[in-house]
Structures are given as structure tokens and as C-alpha cells.
Amino acid sequence: RGVINSWADFEKYPWPEPDKILDYSAFEYIKKRLPDGMKIIGGCAGGVFEHISWLFGLVPFSLALYDQPDLVQAVADKVAGIVYEANKRILQIMGDKLGALETGDDMGFKTGTMVPPEMLRKYIFPGLKKTVALAHEYKVPFILHSCGQLNRIMDDLIDDVQIDAKHSFEDVIMPVAEVKKRWGNRLAIFGGIDMDVLVRGSEDEVRKYTRRVLEQCAPGGGFALGSGNTIANYIPIKNYLAMLDEGRKFRF
């Protein structure tokens, strides 16, 4: 169980002020030191769904969707407001040194979304949509990192929420080449080099796999080479460097 399972919990929870939720000095520090022409991708860590599921606990949250929808709405609005304001401060600090605003919000697992799509549409997407609109107001594209099988909500994310790019793909769910075929004309695809290949493949296997992904995804644009998820400390360095090297050498 999480820390919020009732209205009493909601009222006594020490909700953080947007000014204190992040150490914004890190953004100020890096902005002053970026070389000309270089930008960063960044944003407030964790999206609305992740924070809510942690505050409730995933099982109590799933029950509250049906038993306490008013409480779920209140928590969703509160979290979304804090995330929005934190991202606004980042955009204001970084100015033209922010290449894209990014949020990580894992809404799925291997075979589907963590909760029914209609619940995501009702409680999660409105807050996410406001943050995306904020990025666009500052003329910055928005990247969503979200793990899991999100097929049933991809059209919502593209057409309603209006994300510009999606990250986090794994072959066991849908190879990135298939993702490019299905949605590549409507948003940019980031990453796609499967983590399992990076971890357990030989250097030669990683090179061949990377070249194949580039041949399938690079034509037409809208693709950025990268790992399917965060580079972990158990990935052999030689495999990571091999992926980058193949990207540098690739031409089409």
C-alpha cells in the first residue's frame, strides 16, 4: 500500500511545492556550460501515472479507480499540477538550450496497459496533454518515454495528447521496425536497439542487429538511434560502443 488511500491521507500528505520538487540549479549550471549549438533533453522525472500508482500503491489504486474515483481525480489533478509547474520552470530556465522536453511515465507491461485504457484517458491524459501543450508553447518538441505494450492508446497519445516522439521499445512486445511502419509517419521513434541484444549479444551480433534496425527505420527520417531503454550498468561497454559506432558509420 502507498501513503494515500483515503481523503484523510490526501489532506495530511506533505505535497511539495513546485519550486522545491527539483534542484533547478542543475539546469542553470549546465545551461552556462553547454557549447554553442548543443542542447539537452530533460524534464521533471516521473509522469502522472507513475506518481499516482506509487502514492496509492498499484493494487489500491486499481481498486480506487472504481471505489473512490473522486479521490483518484483529486490526486491526479494535484500531481499533474506539480509536474506541469516543474516542467514550466525547466523550460523557462533552459530557453533555447532545451532541445526537447521529456517525461518518463511507464503505463504498460508486456501485454497491455497497467490499468484499462479508458482510465488512462480519464485521469492521466488530461494532465499529460497540458504539459505537452506547454512544451509546444515554448516551441519545444515533447518526448514520452513509456514502457510496456501501449497499442490501444497510441492513437490517443499521438492525436489527442499530441506527443512528438516515443521512446522505449523491446522486441518481445513489438520490434521497433514494426513500430516505425505503424506510426512512423505520425511521430518520431527514439531508441529501439533491444536491451536483451545489448546485454547478451556478442559485439558482432550487436553490430549486425544495429545495422538492420537502421536499414529498416532510418529511411524517411523520424528515427533516432538508441537503446530500447536506459543504458544499465550490466550492459557490456563494448556492445554499447559498437551500437554507437554503427550509427556513426551508417549511410542511406
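Residues numbered from 1 in each chain as written. Predicted model: local features only at pLDDT ≥ 70, side-chain atom pairs only at ≥ 80, totals over all residues. Heavy atoms only, no water.

Engineer: Hey, could you go over the pairing of strand β3 (residues 142–145) for me, with residue numbers and the actual values?
Structural biologist: Across the two faces of β3 the burial is the same, with Phe142 and Leu144 and Ile143 and His145 all buried. Of the pairings in the sheet, the one linking strand β2 (residues 98–104) to β3 comprises four bridges and is parallel in character. From the neighbouring strand, Thr103 faces β3, where its bridge partner is Leu144. What joins β2 to β3 is helix α7 (residues 117–137), and the crossover it makes is right-handed. With three bridges connecting them, β3 and strand β4 (residues 165–167) associate as parallel partners. The partner of His145 across the bridge, within β4, is His167. (Buried < 20%, exposed > 50% of the residue type's maximum accessible area, 1.4 Å probe, protein only. Helix = DSSP H or I, 4+ residues; strand = E, 2+ residues; numbered from the N terminus. Pairing = 2+ DSSP bridges. Right-handed = clockwise from strand over helix to strand, strands pointing away.)

Engineer: Report on the nonpolar core, specifying residues and quantitative values.
Structural biologist: Counting residues in each nonpolar core, the largest one holds 76 residues, and the members touching the most others are Ile52, Val75, Met107, Ile124 and Leu157. With 14 residues, the top contributor of residues to this core is helix α6 (residues 69–94). (Core = buried A, V, L, I, M, F, W, Y, C linked by side-chain atoms within 4.5 Å.)

Engineer: For empty space enclosed by the protein, give the residues involved together with the corresponding values.
Structural biologist: By the definition in use, this model includes two cavities of 30 Å³ or more. Roughly 140 Å³ of internal volume is contained in the largest cavity. Lining the largest cavity are 14 residues; nearest its centre among them are Gly148, Leu150, Lys166, Phe169 and Val179. Per-class residue counts for the lining of the largest cavity are eight nonpolar, four polar and two charged. When its volume is computed, the second largest cavity comes out at roughly 60 Å³. (1 Å grid on protein atoms, 1.4 Å probe; cavity = no way out; pocket = protein on both sides within 12 Å on 5 of 7 lines; lining within 4 Å. Points joined across faces, edges and corners; volume = space filled by probe spheres on them. Nonpolar A, V, L, I, M, F, W, Y, C, P; charged D, E, K, R; others polar.)

Engineer: Residues and numbers for the layout of surface pockets, please.
Structural biologist: Taken as a whole, the largest pocket holds about 180 Å³ of empty space. Contributing to the lining of the largest pocket are 13 residues, with His167, Gly226, Ser227, Asn229 and Ile231 lying nearest its centre. Per-element tally for the lining of the largest pocket: the top contributor is helix α12 (residues 237–249), with three residues. When the residues that make up the lining of the largest pocket are grouped by side-chain class, the tally is seven nonpolar, six polar and no charged.

Nothing here speaks to function; it is all geometry.
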